[in-house]
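Spelled out from the first residue to the last, the chains are:
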Amino acid sequence: MKLAKDILWTILVALSSPAFAQGEPIAIRVGAFPNITHAQAMVGKANGWFQKAMGPGVRIDWKTFNAGPSAIEALFAGAIDMAYVGPNPTISGFVRSSGEALRVVAGSASGGAALVVRQDAGINKPEDFHGKRVASPQLGNTQDVALRAWLLTHGMKPLDKGGDVQVLPMANPDQLTLFVKKQLDAAWAPEPWATRLIHEGNGRLFLDERDLWPNRQFVITNLIVSTQFLRQHPDLVRNWIRAHVELTGWINQNLPEARKLLNRQIQSETGKALPEEVMNEAFTRIEITYDPIRSSLLASAKSAFDAGFLGRQMPDLSRLYDLTLLNEVMAEKGRKAIQ
């Protein structure tokens, strides 16, 4: 009942906004990936949650991407206003724009990434990665940086850095295809692709990335907004964040139904639904949250810098976060502020 009242209140706020009063719907262009690590976006598309919450004065134009760097390029080009995206493309976009292009306004998911090895690749310990072919979703994306950092921790480097591990950035579906063909030895992948590599690609879980982080928590997806859109439409961004927070709660309270909706949306966008056992297993490695887990992003930034993605000097990320609107929503709901 309380959730229904919250949604109704959000709709009333949207209806009273200047955009609606002018009689011309405002378009919000939102980027997301068909992954379970983008659960709010996928579920919100499937059940119309965001459109209902934003009201008829707003038109949502969803854009689909495979990995974060592509979404950041779209934001730079003015093709999207906000996006669900991983920490390392977020950091890269912020640094490339001298801190002007974007802000993190909320978290979306924690966990949900793993290093999977092919069963017959002869990999049983870190040293066995010498000379192997290991995939990541895209050069400079969150899993790509995590892979390079992990290799460095174990005294290894990619070929392009003078080492002997062949790091091959490629789309997640291509990783699965090459696993089946035995042309890849391992991959650092987000969910549900990590689980699919296990179930469909003769893979084995080598490392759950949560095991590398304090309290087994690390941000894998944030909600970012272009600074221009944030300045021009703070009321709309606040309404979106409120709907995002409420949807996060609904997902966590209704996981069986949420998984079905998410899977339906994945099928709509990729042409193939996930087997139930894949969806269920993948969800065991992810936490849906609105907390951006700032400390883990800052650690990822250090890894990206060490991997050579952020220039010659560690960047100042003090302006990356703007949690003002999120904490206004937290105050409305009588919840503790997010740091």
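Predicted model, so just to flag it, every value in this text is computed and none were measured.

## Overview of helix H13 (residues 276-283)
Spacing of three or four residues puts side chains on the same side of an α-helix, whose turn is 3.6 residues.
And step 1. Taken residue by residue, H13 has Val278, Met279, Ala282 and Phe283 as its buried positions. The buried residues of H13 occupy an angular sector of 125° when projected down its axis, which confines them to one face.

## Section: the packing of aromatic side chains
And step 1. Going through the model one piece at a time under the given rule, you end up with nine aromatic pairs.
And step 2. Between Phe129 and Trp150, the aromatic rings sit 5.1 Å apart at their centres with planes inclined by 75°, giving edge-to-face as the arrangement. You can see Phe129 sitting in the loop between strand S5 (113-118) and strand S6 (133-136) and its partner Trp150 sitting in helix H7 (residues 142-153), a full 21 residues away along the chain. For the pair Phe129 and Trp150, one class covers both residues: buried.
And step 3. The structure contains a cluster of three or more aromatic residues connected by ring pairs, namely Phe129, Trp150, Trp188 and Phe206.
And step 4. Between the NZ or CZ atom of Arg259 and the centre of the ring of Phe283, over which it lies, the distance is 5.8 Å.
And step 5. Over the face of the ring belonging to Tyr321 we find Arg294, whose NZ or CZ atom lies 4.5 Å from the ring centre.

## Points about the sheet that holds S5
And step 1. Reading across the sheet, the five strands line up as S7-S6-S8-S5-S9 and stay open at both edges, with mixed pairing between neighbours. What marks the edges here is a single partner per strand, and that holds for strand S7 (166-169) and strand S9 (203-208). Between one strand axis and the next, the sheet turns through 25° on average, direction left out of account.
And step 2. In this structure, S5 lies alongside S9, joined through five bridges in antiparallel fashion. Paired with Val116 across the strands is Leu205, a residue of S9.
And step 3. In this fold H7 packs onto S5, S6, S7, strand S8 (186-190) and S9, with an angle of close to 135° to the strand it touches most, S8.
And step 4. Contacts between helix H9 (residues 193-200) and the sheet are confined to S5, S8 and S9, with S8 contributing the most and set at about 135° to the helix.

## A short note on unusual backbone geometry
Glycine aside, the phi torsion of most residues is negative, and most peptide linkages are trans.
And step 1. Going from Glu191 to Pro192, the amide bond is cis rather than trans, its omega being 10°.
And step 2. Residue placement: Pro192 occurs in the loop between S8 and H9.
And step 3. Phi at Ser98 is positive, roughly 55°, even though this residue is not glycine.
And step 4. The exposure class of Ser98 is exposed, given its relative accessible area of 57%.
And step 5. In this structure, Asn202 is a non-glycine residue whose phi angle is positive, near 60°.
And step 6. By the element assignment, Asn202 lies in the loop between H9 and S9.
And step 7. The exposure class of Asn202 is partly exposed, given its relative accessible area of 39%.

## Regarding the pairing of strand S1 (residues 26-32)
And step 1. Most of S1 sits inside the fold, with five of its seven residues counted as buried.
And step 2. Bridge analysis of S1 against strand S2 (residues 58-64) gives seven bridges, and the strand direction is parallel. In the sheet register, Gly31 faces S2, and the bridge partner there is Lys63.

## Considerations on the pattern of salt bridges
Where side chains of opposite charge bring their charged atoms close, a pairing between them can arise.
And step 1. Under the defined criterion, the tally for this structure stands at 22 salt bridges.
And step 2. Notably, a salt bridge pairs Arg216 with Asp211, separated by 2.9 Å at the nearest N-O pair.
And step 3. Linked through salt bridges whose partners overlap, the residues forming this network are Arg118, Asp120, Lys182 and Asp185.

## Thoughts on the packing of helix H3 (residues 39-47) against helix H12 (residues 255-270)
And step 1. Where H3 contacts H12, the two axes come as close as 8 Å, and the packing angle between them is 85°. Between H3 and H12, the angle is such that the two are roughly perpendicular. Of the residues in H12, those in contact with Ala39, Met42, Val43, Lys45, Ala46 and Asn47 of H3 are Ala258, Leu261, Leu262, Arg264, Gln265 and Glu269.
And step 2. Tallied by class, residues from the contact of H3 with H12 come to seven nonpolar, two polar and three charged.

## Notes on the side chain of Arg148
And step 1. Residue position: Arg148 is located in helix H7.
And step 2. Ignoring sequence-local partners within four residues, the contact set of Arg148 consists of Leu139, Pro158, Asp160, Val167, Ala307 and Phe309.

## Quick word on helix H15 (residues 324-332)
And step 1. Within the sequence span of H15, burial applies to Leu325, Leu326, Val329 and Met330. Here the buried residues of H15 occupy an arc of 150° about the axis, which is enough to place them on one side.
And step 2. Buried residues along H15 sit in contact with strand S4 (102-111), helix H10 (227-232) and helix H11 (234-253).
And step 3. Remark: Gly334 follows H15 within two positions and exhibits a positive phi of approximately 70°.

## Some details on the sheet that holds S4
And step 1. Strand order across the open sheet formed by six strands is S2-S1-S3-S10-S4-S11, with mixed pairing between neighbours. What marks the edges here is a single partner per strand, and that holds for S2 and strand S11 (286-288). Recorded for the sheet is a direction-independent mean angle of 25° between the axes of neighbouring strands.
And step 2. Examined bridge by bridge, S4 and strand S10 (residues 219-226) share seven bridges and lie antiparallel to one another. Each residue of the ladder has a partner; that of Val104, found in S10, is Ile224.
And step 3. In the packing of H3 onto the sheet, contacts are made with S1, S2, strand S3 (82-85), S4 and S11, and the angle to S2 comes to roughly 125°.
And step 4. Each of S3, S4 and S10 touches helix H6 (residues 87-96); the most contacted strand, S4, lies at about 165° to it.

Basis of the calculations
- Per chain, residues are indexed from 1 in the order of the written sequence.
- Only residues with pLDDT of at least 70 get local features here, since the model is predicted, and only at 80 or more are side-chain atom pairs given and counted; chain-wide, interface and lining totals rely on the full set of residues.
- Excluded from the side-chain calculation are hydrogens and water; included are all heavy atoms of the structure.
- Think of it in three bands: with a 1.4 Å probe and only protein chains considered, a residue is buried below 20% of the maximum accessible area for its type, exposed above 50%, and partly exposed in between.
- Helix numbers and strand numbers start at the N terminus; a helix is a DSSP run of H or I with at least 4 residues, a strand a run of E with at least 2.
- Summarising the geometry, the arc corresponds to the directions from the helix axis toward the C-beta atoms.
- Only rings of Phe, Tyr and Trp enter the pairing, Trp through its six-membered ring, and a pair is recorded when the two centres are within 6.5 Å. The plane angle decides the type: under 30 degrees is stacked, over 60 is edge-to-face, the rest tilted.
- Throughout this description, the term charge over a ring refers to an Arg CZ or Lys NZ atom that lies within 6 Å of the ring centre and within 35 degrees of the ring normal.
- Here, strands pair whenever DSSP counts at least two bridges between them.
- To get an axis, a line is fitted to the C-alpha atoms, and for a helix only the part in contact is used. The angle between two axes follows their N-to-C directions and goes from 0 to 180 degrees.
- Throughout, a contact is declared for two residues whenever any of their heavy atoms are within 4.5 Å.
- We define a salt bridge as a contact between a side-chain nitrogen of Lys or Arg and a carboxyl oxygen of Asp or Glu at a distance within 4 Å.
- For this classification, under 35 degrees means roughly parallel, over 145 means roughly antiparallel, 65 to 115 means roughly perpendicular, and everything else is oblique.
- Side-chain classes follow a simple rule in which Ala, Val, Leu, Ile, Met, Phe, Trp, Tyr, Cys and Pro form the nonpolar group, Asp, Glu, Lys and Arg form the charged group, and the remainder, Gly included, forms the polar group.

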